[in-house]
Amino acid sequence: MRAATAPVREIALVDTPEILSSPVGRIIEEHHNDRNDLIAMLLDIQDAMGFLPRFAMEHVATSLEIPITEVYGIATFFKYFRLKPPGEHQCTVCTGTACHVRGAARVLREFERHLGIRSGEVTDDREYGLETVNCVGACALGPIVLLDGDYQGQVTASKVPTLLRRLKRSAEKKPVAARSEAAA
Amino acid sequence: MLIGRSDPERPCITICTGTGCVAGGAGDVVEAFRKVLADHGLSRRVEIRLTGCHGFCEMGPLVTLQPSETFYPKVRPKDAKRIIEQTVLNKEPIEELLYRDPSTHEPIEHEGDIPFYSHQHRIVLAENGRIDPTNLNDFLDIGGYLALQNVLATMSPADVIDDVSRSGLRGRGGAGFPAGPKWKIASEQPAACKYVVCNGDEGDPGAYMDRSVLEGNPHRVLEGMCIGAYAIGAQQGFIYVRHEYPLAVGRISRAVQDARRAGMLGERILGTDFSFDLKVVRGAGAFVCGEETALIASIEGRKGEPRQRPPYPAVSGYMGSPTVINNVETWANIPHIINNGPDWYASIGSEHSKGTKIFSLVGKVNCTGLVEVPMGTSIRSIVYDIGGGIPDQKALKAVQTGGPAGGCLPADQIDLPIDFEALREAGTIMGSGGLIVMDESTCMVDVARYFTGFLEEESCGKCYPCRKGTQRMRELLEDICEGRGTMEHLSLLDELGATVNTTSMCGLGQNAATPVLSTIRYFRDEYIAHIRDHCCPAGVCTELIRFEIMADLCDGCGACAKVCPAEAIFGEKNELHTIDPNLCIKCGTCKDVCTKDAVLVLSGGGHEH
Ligand SMILES: Cc1cc2nc3c(=O)[nH]c(=O)nc-3n(C[C@H](O)[C@H](O)[C@H](O)COP(=O)(O)O)c2cc1C
Ligand code: FES
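Residues numbered from 1 in each chain as written. Chains lettered and ligands numbered in written order. Predicted model: local features only at pLDDT ≥ 70, side-chain atom pairs only at ≥ 80, totals over all residues. Heavy atoms only, no water.

**Thoughts on the pairing of strand 16 (residues 545–549) of chain B**
The side chains of a regular strand alternate between both faces of the sheet.
All names here are of chain B.
At step 1: Residue alternation in strand 16 divides its side chains into a buried set, Ile-545, Phe-547 and Ile-549, and an unburied set, Arg-546 and Glu-548.
At step 2: In this sheet, strand 19 (residues 599–603) lies alongside strand 16 in antiparallel orientation, the contact comprising five bridges. Among the inter-strand pairings, Ile-549 is bridged to a residue of strand 19, identified as Val-599. (Buried < 20%, exposed > 50% of the residue type's maximum accessible area, 1.4 Å probe, protein only. Helix = DSSP H or I, 4+ residues; strand = E, 2+ residues; numbered from the N terminus. Pairing = 2+ DSSP bridges.)

Take a look at the structure:
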């Protein structure tokens, strides 16, 4: 597994072939095409599609009659948004303060080494994505790692290989749809 | 009159389903209890109540039984059968499952007798463990919405503002601005449209009290906002919660719907002329969005960039209209002030900081959790009496307060009473209530680098001192952590830090150097050790440490060599193993797996001169 290309924030926008079947139109309608709801629309689109494809942002911009740069500005300002599809399996390492003082930096380094990618990237085969998050509210169990949305507490660097193996195994059992729901 | 419904004598099993307990397996525990009840045909007779966070997250999953108030920590699914058969049916506590006092090892049956709880003074958090947050009736049972009824029936808006002012309540979101006077300013604006906003952004990484209140007791926040809206004359309000807190978003949205259906929100509330409604707005994860002007910008669907103040939001906020923005905890205090009177509230706390404050006590402390104490309580009391001290017999080194833009206080300052003024004087801030405990294995230079890196990342980039200053400070700190520091780095940090703090536009930049300045102030020796001796006394900065296996402890089991990802460990079975420093990548895996504690982290490695 070699590193995918540049960090998420800097890449060119990606197209997908799903334009027609996408939920974007419906989501814009649900928000009454209201400019004030722009962030909420983008959140809903990302939740439905896993990321913000270029066509979706263009669709929103056209519909609200605002420049695409404004939509793109929002999508890159807020940490939550992704402009690239996530990995099939997302590993999210909490790097909040409580987890940091208990050694989260080492855990993150181990994930990066094992997957061969940096935080914010996806492996070339799109199998794994690695992200960080600031506090998930389970500080008592820190350092915390979320594997496809499931909490793992008291993670140490030496547990990383086992966790990745378990992720792979459980993924083979669960159908894809159930997984993305659990992560949301 | 609003009336709840439950019978206090009916046996009830209360299970905490806050985030901490769920992460610890509370979901399976709930299933186990449901199944055992069904097996015994007790599903109707015994209620299972799923509550929000009780705050004692270290001991989760937590189960409390009513009416006996028996408390069981760290409950596993297999305990359900025994608990139901012995405690629920036979009313006998199970001694070996009870909580044990960490110092005396005596079992304690009742939640309220446990030091973690008994040293707290809970007002806002008190109700979290008692109600199912998705059930409006539970809330009505404990006197919910009585304050609102009272206000609408008997008080004028000016009376309300007067009560809130007299209570001495100050904002819990960071700056500590008095709530009453802020409301007064907004109420005096001639505008036709006014707004109230609840700030639930909680960007402090390592603090989760606002989220626990929103998840565990959402109606209290709504009630406070309704009262505030009545006082200033607002018809519309917003609750801003991060999208990353899906449970909080769900709970508060549900509460809004239920309240609307029951006539506590919407047109002509409780049959009066007062109309007010609320909208839940989701944030998308940016620390700076917690700043009030940035938050209002993101409610308007724009980038969350702060703007110059004045005008303050109370004069010109959402869509240019007067807007009162308060923190979750501030709003949740309002109904209690109305119910018990401003004098009661003002009698709690210190001279200039009234009432209680919730702290999120995390890091190197035995009892991680949410702690609500009167303002003015000493750090010692919080860390030792409530938090149970530092694990593994290590020594307390520092306590960090105020979130990423806060500062660190050294161990010799722990008798400091925590209130807005005392913390300022000591060089840190209250912030929203994060309290991170650090022991001797925490490196203060690394901590400063961590926070500075966080602030650099979160700086919106609008003003130069903050954007460039945080970047340069982070680079200087990195140099020091990696052994390239000079004494000039230190003086440059001092100078740059002062500039950033005095010339930035918003509260983020104005405190961005506090982590650096406070650690230099109190832990100068540690900086100097990194710079002069190329050594990290805490054993954290990888470039300045080395791993070594102690000859007298190693039994040659080979576990370390097997897991070493760099294949840097050599040795024959049953003989002393050694680490090749040239191959070692300092990941620490060997130390994790060694059962003999034979792997030592030594300071001053790496750098050969
Ligand atoms: C960078 C920054 C982040 C902030 N984050 C929060 C936050 O997460 N929650 C909060 O209530 N206030 C936060 N504040 C404080 C708000 O600007 C504002 O003072 C507060 O919401 C007012 O409510 P209060 O008077 O009840 O504290 C932040 C301020 C700054 C400068
Ligand atoms: S800091 Fe990681 S869960 Fe709170």
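Moving on from the model shown.
**Comments concerning the confidence of the model for chain A**
Fine structural detail should not be taken from predicted coordinates in areas where pLDDT scores are low.
Residue and element names in this part refer to chain A.
At step 1: In the predicted model, chain A carries a mean pLDDT of 84, and the fraction of residues at 70 or more is 82%.
At step 2: Predicted confidence for residues 1–14 stays below pLDDT 50, and this span has 40 contacts to residues more than four positions away or in other chains.
At step 3: Confidence drops under a pLDDT of 50 for residues 176–184, and excluding neighbours within four residues, the segment shows ten contacts in the predicted structure. (pLDDT = per-residue confidence, 0-100. Contact = heavy atoms within 4.5 Å.)

**A short note on a positive patch on the surface**
At step 1: On the surface, a cluster of positive charge is made up of Lys159(A), Arg165(A), Arg166(A) and Arg169(A).
At step 2: Here Lys159(A) is to be found in the loop between strand 4 (150–152) and helix 7 (160–173). (Patch = residues over 30% accessible without salt bridge, like charges linked within 9 Å, V, L, I, M, F, W, Y side chains within 5 Å. Areas by Shrake-Rupley, 256 points an atom, 1.4 Å probe, with all protein chains shown as cover. Salt bridge = Lys/Arg side-chain N within 4 Å of Asp/Glu carboxyl O. Lys, Arg positive; Asp, Glu negative; His and termini not counted. Charge placed at Lys NZ, Arg CZ, Asp CG, Glu CD.)

**Some points on a nonpolar patch on the surface**
Residue and element names in this part refer to chain B.
At step 1: Taken together, the side chains of Phe-177, Ile-185 and Val-315 present a nonpolar region at the surface, about 230 Å² in accessible area.
At step 2: Inspection of the secondary structure assignment puts Val-315 in the loop between helix 12 (292–299) and strand 10 (323–327).
At step 3: A relative accessible area of 36% places Val-315 in the partly exposed class.

**As for the packing of helix 6 (residues 146–154) of chain B against helix 13 (residues 328–340) of chain B**
Residue and element names in this part refer to chain B.
At step 1: Viewed as axis vectors pointing N to C, helix 6 and helix 13 meet at an angle of 60°, and their least axial separation amounts to 9 Å. Crossing geometry of helix 6 relative to helix 13 is assigned as left-handed. Mapping the contact onto sequence places Leu-146, Ala-147 and Val-151 in helix 6 and Pro-335, Ile-338 and Asn-339 in helix 13.
At step 2: Its residues placed into classes, the contact of helix 6 with helix 13 shows five nonpolar, one polar and no charged. (Axes fitted to C-alpha atoms, helices over the stretch in contact; angles between N-to-C directions. Left-handed = near helix turned anticlockwise from the far one by under 90°. Nonpolar A, V, L, I, M, F, W, Y, C, P; charged D, E, K, R; others polar.)

**Quick notes on the sheet that holds strand 11 (residues 356–363) of chain B**
Residue and element names in this part refer to chain B.
At step 1: Strand order in the open sheet made by the five strands is 12-11-15-13-14, with mixed pairing throughout. Either end of the sheet is taken by a strand with one partner, and the two such strands are strand 12 (369–374) and strand 14 (407–410). Across the sheet, the mean angle separating the axes of adjacent strands is 30° when strand polarity is ignored.
At step 2: In the sheet, strand 11 pairs with strand 15 (residues 434–439) via four bridges, with the strands oriented parallel. Looking at the pairing, Val-362 lines up with Ile-436 of strand 15.

**Some points on the packing of aromatic side chains**
Residues and elements named next belong to chain B.
At step 1: Applying the stated criterion to the full structure yields 18 aromatic pairs over all chains.
At step 2: Taken together, a centroid distance of 6.2 Å and an interplanar angle of 10° make the contact between Phe-274 and Phe-276 stacked.
At step 3: By relative accessible area, Phe-274 is classed as buried at 11%.
At step 4: Of the residues examined, Phe-276 reaches a relative accessible area of 1% and is grouped as buried.
At step 5: Through a chain of ring-to-ring contacts, the aromatic side chains of Phe-56, Phe-71, Tyr-99, Phe-116 and Tyr-117 assemble into a single cluster.
At step 6: The aromatic ring of Tyr-245 is capped on one face by Arg-211, whose charged end is 4.1 Å from the ring centroid.
At step 7: Its end group placed over the ring of Phe-359, Lys-357 keeps NZ or CZ at 5.8 Å from the ring centre. (Phe/Tyr/Trp six-rings, centres within 6.5 Å; stacked < 30°, edge-to-face > 60°. Lys NZ or Arg CZ within 6 Å of the ring centre and 35° of its normal.)

**Brief notes about the pairing of strand 7 (residues 195–200) of chain B**
Residues and elements named next belong to chain B.
At step 1: A large share of strand 7 lies buried, amounting to six of its six residues.
At step 2: Side chains of strand 7 alternate between two faces, with Tyr-195, Val-197 and Asn-199 and Val-196, Cys-198 and Gly-200 buried alike.
At step 3: Judged from the six bridges that link them, strand 7 and strand 8 (residues 236–242) form a sheet pairing that is parallel. Counterpart to Val-197 in the pairing with strand 8 is Phe-238.

**Here we look at the side chain of Ser321(B)**
At step 1: By the secondary structure assignment, Ser321(B) is in the loop between helix 12 and strand 10.
At step 2: Residue contacts for Ser321(B): discarding those within four places in its chain leaves Cys193(B), Tyr195(B), Pro313(B), Val315(B) and Ser316(B).

**Digging into the site of ligand 1**
Residue and element names in this part refer to chain B.
At step 1: The full set close to ligand 1 counts 19 residues, and Gly-173, Asn-199, Asn-326, Asn-327 and Thr-330 are the nearest of them.
At step 2: At 3.3 Å, a backbone N or O of Arg-172 approaches an oxygen atom of ligand 1.
At step 3: Contact between ligand 1 and Thr-330: an oxygen atom at 2.7 Å from a side-chain N or O atom of the residue.
At step 4: Surface burial for ligand 1 is 90%, taken as the share of its 610 Å² of free accessible area covered by protein chains.
At step 5: Among the elements of the structure, strand 10 and helix 20 (507–510) are those that each provide at least two residues to the shell around ligand 1.
At step 6: Considering every element that reaches the shell around ligand 1, the biggest residue donor is strand 10, with three residues.
At step 7: Taken together, the residues of the shell around ligand 1 sort by class into three nonpolar, ten polar and six charged. (Near = heavy atom within 4 Å. Polar contact = N/O pair within 3.5 Å; in protein donor to acceptor, adjacent residues only side chain to side chain.)

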